[in-house]
Structure formats: structure tokens, C-alpha cells
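Understanding the architecture of this molecule
The lines below spell out each chain.
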Amino acid sequence: MTILFYSEADSAEPWREAFARELPHIAFRVWPDAGPLESVRYALVWNPPRGLLARLPNLKAILALGAGVDPIPTDPTLPKGVPLLRLVDVGFPAQMAEYAIYAVLKFQRRMGELDDLQRRAQWNQLDPFFARDFPVGVMGLGVIGKVVAQRLSAVGYAVAGWARGPKTIENVEVYSARGRLKDFLARSRVVVNALPLTPQTENILDAAAFATMPRGGYVVNIGRGAHLVDRDLIDALDSGQLAGAMLDVFREEPLPSTHPFWRHPKIVVTPHIAAPTIASEVQAQVIDNIRRLERGEPPVGLVDPSRGY
Ligand code: NDP
């Protein structure tokens, strides 16, 4: 029995050690050194190339090395009926909330402008924006978005959230379903995106969305790069419709050095670090899930194939 590891973003070594220690009866192999493909029972993957999973005829489960599982559900060759598991919680919500709070405070307290003034040695006491003038909207109210929304509310912002289904979250005004998206965007000076990437959410941060937000708004993208239409963001910033953006995720990662986001004066770029998958933090959930599957028990983080998240 083999577990096959594939990731361009994570080191295999901590996983090799953990499996040798915790599940020594399972051979650990790293793609492309997979050994006989019919021996592979579990695939532990991040962003696997299309067709890779279809080559494993006896796959019992796919374990994603992240909270988001894209692009796996949209791979047309994906073997049907094989459970797909994502990482749930494992420290992500708190880290994502820290990032979002930092971004919103940076915009509200005009820290980017103050950084520029310092570089020019200029003492200019910019008038502050008040927190009450900064309603924040969180897109996605799942495991991560709910904590992001609650912690932003605790800082003092008027927070709303947008999700597919209705829900109740203390101190957070919830807008649900596509029909409420416009109302949600129209009241949100800052939009923080914590959605999963699915065919329904791809390109959701586009020119129409930015035009619906109040003039002088801000976007924080910690979901996925393909939620955002790059050109539309630049146009909205250049026209003054949006005043700034802080982006952690991109259509192509690493973000190519020639991409205009790197040098745009109103964009802050971070290299997909809002909530990294740290092996030592997430191994217990992965190993526990494999033990559950071996015992025939329900695992944690099962993705619903019909929803894609
Ligand atoms: P969950 O599955 O727990 O939550 C997803 C949320 O999005 C739910 O509230 C869901 O609504 C909502 N949603 C999904 N589709 C739609 C839709 N079509 N319209 C409206 N709402 C929708 O995921 P997590 O909170 O664990 O993770 C969210 C995402 O964060 C991940 O998929 C990943 O892309 C990103 N991420 C980024 C990281 C980074 O470092 N930048 C790190 C970790 C995650 P409902 O509740 O009604 O189902």
C-alpha cells in the first residue's frame, strides 16, 4: 500500500518522516517516483496536474494539502466516487483573520500613504478615516470566513458577510445567495474575499463588482487568484473607483516578475502567505483521516463534489 505525495509548493521530507513514524505499514512515495501505480491507495496533493489522479486505479481517497481543493474537482479526468478531503481549520482561520485585520487597518489608518510620506521625509498629519466609515464585507462565511468576519467585528468595524446559504453569526449581517451580492457589495467599503474557487465563484471580483462598491473602496483577496479579474482591478484602481488592494493569491503563482501588480502603487502583493500549510500543524489531521478511512469511519473535511468545496 502506497501514499503518493505531489506538491510543487510543499517539501515532502516532513511528510516522509511523519508517515514512517505514524503509519509505517504504508509506503511513502513522491511523484514521479510512484512505484507501481496500482499500489497507490492515498494521494496527498497540492495543485496536481490534470490526469495525474486518473492514473491511479486503486485510489481510496485524495487528501488535499490545503483548505481549498481547486483545481481538483474541475479536472474532467478525476476518478468518480473517490472521496476528496480538504484541511479544515488547522490554524488557518486565525491566520487569515490576522491578515485581513492588518489589511483593513492599513487602509483605514492610511498606513500606505504614511509609508510614502516617511520615504520622502514629509511630516503630513493626514486626516484619519473613521472605522465607522469603513464597513467591511467578507465573501465566504465558512470555517475561515466566519472567524475573519467575527474578528474584524471585534476590532470595531461594521461587518457583513456573503455566503451561499443563510446563517446566523453574532454581530455579522449575513447576505446569502447570488441575489444579495449587489446589496452586499454596495454597503462594503472593503471587500475581503475568503471564498473557495468553483465555477460559480471564478471571476467574481470583476469590473461589475468594483463598480457596485462605494467609490474609494478596497479589495483584499485571500481566496484564490482566479476569483479576481486582474485587468478589471487595475482599471478600477486607475480610475479611482477603488483606492487600494492587498492581494495574497494570483492566477499564476509565483506571480511573474513582469506582472503589473508588483509595481502598481495602489497594490500590496504578498506571496500566498496569509495562511500557509505548515506540515507540523496539519499532519495530525491528515494522519487521523487516513486512520479513519482504514477503519471505515467518516473522515474530516469531505468535499461535496456537487458544490466543489
Ligand atoms: P469553507 O468550505 O468552509 O467555506 C466556504 C464558504 O464560501 C462558505 O460560507 C460557502 O457558503 C461560501 N461559498 C461557496 N460557494 C459560494 C457561492 N457560489 N456563493 C456564495 N458563497 C459561496 O472553506 P474555508 O473557509 O475553509 O476556506 C475558504 C477558502 O479560503 C479556500 O477554499 C481557499 O481558497 C482559501 N484559502 C486561502 C489561503 C491563503 O493562504 N491565502 C489559505 C487557506 C484557504 P455556504 O456556507 O453557504 O456553504
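Each value, and the rule that gives it
Residues numbered from 1 in each chain as written. Predicted model: local features only at pLDDT ≥ 70, side-chain atom pairs only at ≥ 80, totals over all residues. Heavy atoms only, no water. Helix = DSSP H or I, 4+ residues; strand = E, 2+ residues; numbered from the N terminus. Rg over C-alpha atoms; globule rule 2.2 N^0.38 Å. Buried < 20%, exposed > 50% of the residue type's maximum accessible area, 1.4 Å probe, protein only. Contact = heavy atoms within 4.5 Å. Areas by Shrake-Rupley, 256 points an atom, 1.4 Å probe, with all protein chains shown as cover. Lys, Arg positive; Asp, Glu negative; His and termini not counted. Charge placed at Lys NZ, Arg CZ, Asp CG, Glu CD. Near = heavy atom within 4 Å. Polar contact = N/O pair within 3.5 Å; in protein donor to acceptor, adjacent residues only side chain to side chain. Nonpolar A, V, L, I, M, F, W, Y, C, P; charged D, E, K, R; others polar. Axes fitted to C-alpha atoms, helices over the stretch in contact; angles between N-to-C directions. Parallel < 35°, antiparallel > 145°, perpendicular 65-115°, else oblique. Left-handed = near helix turned anticlockwise from the far one by under 90°. Phe/Tyr/Trp six-rings, centres within 6.5 Å; stacked < 30°, edge-to-face > 60°. Lys NZ or Arg CZ within 6 Å of the ring centre and 35° of its normal. Pairing = 2+ DSSP bridges.

Moving on, we come to the overall build of the protein. In terms of helices and strands, the protein carries eight helices and 12 strands. Its C-alpha atoms give the protein a radius of gyration of 21 Å, within 12% of the compact-globule value 19 Å for 309 residues. Dimensions of the protein, computed from the C-alpha atoms along their principal axes, are close to 65 × 45 × 30 Å. Counting all 309 residues of the protein, 50% fall into the buried class. Sequence-distant contacts in the protein: of pairs separated by 6 or more residues, those separated by 24 or more amount to 61%. Here the protein displays about 14,900 Å² of accessible surface, and carbon together with sulfur accounts for 52% of that area. With 34 positive and 33 negative side-chain charges, the protein shows a spacing of 3 Å between the two charge centroids.

Taken together, 29 residues are adjacent to the ligand, and R86, I144, G165, K167 and Y309 come closest. A distance of 3.0 Å is found between an oxygen atom of the ligand and a backbone nitrogen or oxygen belonging to G142. Measuring from a nitrogen atom of the ligand, one finds a backbone N or O atom of R164 at 3.0 Å. Within the complex, 93% of the 940 Å² of free accessible area of the ligand lies under protein. For the shell around the ligand, the secondary structure elements donating two or more residues are α4 (143-155) and β7 (159-163). Per-class residue counts for the shell around the ligand are 15 nonpolar, eight polar and six charged.

Below, the discussion takes up the packing of helix α1 (residues 13-22) against helix α8 (residues 279-295). Two numbers describe a pair of packed helices, the interaxial angle and the distance between the axes. Remark: α1 packs on α8, axes separated minimally by 11 Å, with the N-to-C direction vectors making an angle of 45°. As summarised for this structure, α1 and α8 are arranged oblique, according to the angle between their axes. For the crossing formed where α1 meets α8, the hand is right-handed. From α1, P14, W15, A18, F19, R21 and E22 reach across to α8, where they touch A279, V282, Q283, V286, I287, I290 and R291. Each residue belonging to the contact of α1 with α8 can be placed in one class, and the counts come to nine nonpolar, one polar and three charged.

Moving on, we come to the environment of V147. Note on placement: V147 falls in helix α4. Classification of V147 as buried rests on a relative accessible area of 18%. In sequence terms V147 and F92 are 55 residues apart; their C-alpha atoms lie 9.7 Å from each other. When neighbours within four sequence positions are excluded, V147 is seen to be in contact with P93 and A97.

As a further point, take helix α7 (residues 230-239). Among the residues making up α7, those that are buried are D230, D232, L233, I234, A236 and L237. As for α7, its buried residues are in contact with α6 (207-212), β11 (242-247) and β12 (267-269). G240 sits one or two residues past α7 and shows a positive phi near 90°.

The subject of this paragraph is the packing of aromatic side chains. Scanning the model with the defined rule gives eight aromatic pairs in all. Where F19 meets F28, the ring centres are 5.6 Å apart and the plane angle is 20°; that geometry is what we call stacked. The residues F19 and F28 share a single accessibility class, namely buried. Cluster of aromatic residues (ring-pair linked, three or more members): F5, W15, F19 and F28. Looking at R110, its charged tip hangs above the ring of F129, at a distance of 4.6 Å from the centre. For R189, the ring lying beneath its charged end belongs to F129, and the centroid distance is 5.1 Å.

The strands making up a sheet associate through hydrogen bonds between their backbones, and the pairing can be parallel or antiparallel. With parallel pairing, five strands are arranged side by side in an open sheet as β2-β1-β3-β4-β5. Every interior strand has two partners, whereas the edge strands, β2 (27-30) and β5 (84-85), have only one. Inspection of the sheet shows strand β1 (residues 2-6) paired to strand β3 (residues 40-45) by five bridges, in the parallel sense. Each bridged residue has a counterpart across the sheet, and for T2 the counterpart in β3 is V40. Against the sheet, α1 engages β1, β2 and β3, with an angle of about 170° to β2.

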